[in-house]
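Each chain is listed here by its residues.
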Amino acid sequence: MYEMRPGPNLPGSTVVWHVTAKQTAIGLCGQQLRDRMHASQAEQARHCPACMAAFAQLVATVPPVKTP
């Protein structure tokens, strides 16, 4: 299960939404995120391109077919 968390972009100049696995503070892009960030800072934020690319690969992966 995954969730979205606001955090700084990689250069650290703006706030973006990162994809994280539940109960972790590391985005799929590898960036360590703070525990909390004020929600108003993220209301109009865009998504982290690296997290979104990693997430797209995760959901596009077809599980192997099990044969009896």
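See the structure above.
The present account deals with the structure reproduced in this document. (Residues numbered from 1 in each chain as written. Predicted model: local features only at pLDDT ≥ 70, side-chain atom pairs only at ≥ 80, totals over all residues. Heavy atoms only, no water.)

### Quick word on the overall build of the protein chain
Going by this rule: Counting from the N terminus, the helices are the DSSP runs of H or I reaching at least four residues and the strands are the DSSP runs of E reaching at least two. Contacts are residue-level and defined by heavy atoms, with any inter-residue pair within 4.5 Å sufficient. For the accessible areas, the method is Shrake-Rupley and the probe is 1.4 Å, while residue cover comes only from the protein chains on display.
When its secondary structure is counted, the protein chain shows 1 helix and 3 strands. Helices and strands appear in the protein chain in the N-to-C order β-β-β-α. Summarising the internal contacts of the protein chain: among those between residues at least 6 apart in sequence, 39% fall at separations of at least 24. Taken as a whole, the protein chain presents about 5100 Å² of accessible surface, with 59% of it coming from carbon and sulfur.

### Observations regarding the environment of Pro49
Threshold: Under the scheme applied here, a residue whose accessible area is under 20% of the maximum for its type counts as buried, over 50% as exposed, and between as partly exposed, the area being computed with a 1.4 Å probe on protein chains only.
For Pro49, the location among the structural elements is in helix 1 (residues 49-60). On the accessibility criterion, Pro49 (55% relative accessible area) is exposed. Expressed as a C-alpha distance, the spacing of Pro49 and Cys29, which sit 20 residues apart in the sequence, is 8.5 Å.

### So, a nonpolar patch on the surface
Just so we agree on the cut-off: Like-charged residues within 9 Å of one another, or nonpolar side chains (Val, Leu, Ile, Met, Phe, Trp, Tyr) within 5 Å, are grouped into patches, provided each residue has over 30% relative accessible area and no salt bridge. In what follows, salt bridge is the name for a side-chain nitrogen of Lys or Arg lying within 4 Å of a carboxyl oxygen of Asp or Glu.
Together, Tyr2, Leu58 and Val59 make up a nonpolar patch on the protein surface, roughly 270 Å² of accessible area in all. Within the element layout of this structure, Leu58 appears in helix 1. Since its relative accessible area comes to 40%, Leu58 is described here as partly exposed.

### Observations concerning the sheet that holds strand 2 (residues 15-21)
Definition in use: Any two strands with at least two DSSP bridges between them are considered paired. To obtain an axis, a line is fitted to C-alpha atoms, over the contacting stretch when the element is a helix, and the angle between two such axes runs from 0 to 180 degrees between their N-to-C directions.
Spatial ordering of the open sheet is given by 1-2-3, a layout of 3 strands whose pairing is mixed. Taken across any chain shown, the strands that pair with only one partner, and hence form the sheet edges, are strand 1 (2-8) and strand 3 (46-47). Note that strand 1 and strand 2 share 7 bridges and pair antiparallel. Of the residues in strand 2, the one forming a bridge with Pro6 is Trp17. On top of the sheet, helix 1 reaches strand 1, strand 2 and strand 3; it is set at about 30° to strand 2, its chief contact.

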